[in-house]
Amino acid sequence: MKQLVIMALVAVFVGVGTARAQTPGASEDIGYAEVTFGPTFGHKTSGSVGGEAGLFLGSLGPGRIGVFGEAGRMANIATSEIETKAQTIAGAFNATFQAKQPATYFDGGVVMRFSPQHHFTPYALVGIGGATVSNKVTFAVGGTDVTSRLNQFGVQLGGDLTGSYTKVFVTVGAGAHVTLMDRWIADVSYRYGRVGQDTVSSQVIYKGFNTGRLQFGAGVKF
């Protein structure tokens, strides 16, 4: 799956560069702001929405270095661990289950853009912040949701299936901004993310895990 994503990203870059080959170069700008969206990849495939802004501060090598910040929500980044825990509970009273782990994230760091090719400006970034992961599991017996009545089956869920936790979130990404009309831009990138492990009294509740976002954006530069 990751190889397909990378190949698709490269194809987009090449296609955009070719389409803009006869267009005069874009003027330098000092910042941008955009809304973002796209699919997420991992043990589960889902989607994300968010926002991002950046400010370029000075020159470094062939491009410009700046700072950026982003925040958003991934609809479901559930790992195999939460499914294993839920299956153990469900098996005790012949139930079925659904497990989700939505996550709200924020991070900021350094963004480096490279020499623009007409309206096509590649960039790379790395950031650090936090992610709040919510553990949401529901159980059903005979098609009827019994999550709120688990005590009738002698079951009481712990925080690993009902609570939430906030841990360090690290992001590394690469992509390109494409000038569409004057100050309007489009953005396409791939973002790798790492959520830190959840521990209670030195006991690991959930191991750290990776996330992937094929992210599209639309916004303005200034």
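In the block above lies the structure referred to throughout.
Counting from 1, residues in each chain are numbered in the order their sequence is written. Side-chain atom pairs in this predicted model are given and counted only at pLDDT of 80 or more, local residue features only at pLDDT of at least 70, and totals for whole chains, interfaces and linings cover all residues. Only heavy atoms go into the side-chain values, all of them from the structure, while hydrogens and water stay out.

**Overview of the environment of Ser48**
The secondary structure listing takes helices from DSSP runs of H or I that are at least 4 residues long and strands from runs of E that are at least 2 residues long, numbered from the N terminus. Along the chain, Ser48 falls in strand β2 (residues 46-60). Each C-alpha atom, one on Ser48 and one on Gly38, is 5.5 Å from the other, the two residues being 10 residues apart in sequence.

**Re the pairing of strand β13 (residues 209-221)**
In the sheet, strand β1 (residues 31-41) pairs with β13 via eight bridges, with the strands oriented antiparallel. Bridged to Tyr32 within β13 is Lys221. DSSP bridges decide pairing: two strands pair if at least two such bridges lie between them. Judged from the 12 bridges that link them, strand β10 (residues 184-195) and β13 form a sheet pairing that is antiparallel. Looking at β13, one finds that Ile185 is bridged to Gly219.

**Remarks on the pattern of salt bridges**
One speaks of a salt bridge when a side-chain nitrogen belonging to Lys or Arg is within 4 Å of a carboxyl oxygen belonging to Asp or Glu. On inspection of all chains with the given rule, the structure shows five salt bridges. In this structure, Arg191 engages Glu52 in a salt bridge whose closest nitrogen and oxygen atoms are separated by 3.0 Å. One end of the pair, Arg191, is in strand β10; the other, Glu52, is in strand β2, with 139 residues separating them in the sequence. Considered together, Arg191 and Glu52 belong to a single accessibility category, that of buried residues. For Lys85, the salt bridge identified is with Asp160, shortest N-O distance 3.5 Å. Of the two residues, Lys85 sits in helix α2 (residues 80-91) while Asp160 sits in helix α3 (residues 159-162), which places them 75 residues apart along the sequence. Exposed residues in this analysis have more than 50% of their type's maximum accessible area, buried residues have under 20%, and partly exposed residues fall in between, with area computed by a 1.4 Å probe over protein chains only. You can call Lys85 partly exposed: its relative accessible area is 27%. Here Asp160 falls in the partly exposed class, since its relative accessible area comes to 23%. A cluster of three or more residues bridged by salt bridges with shared partners is formed by Glu52, Glu70, Arg191 and Arg213.

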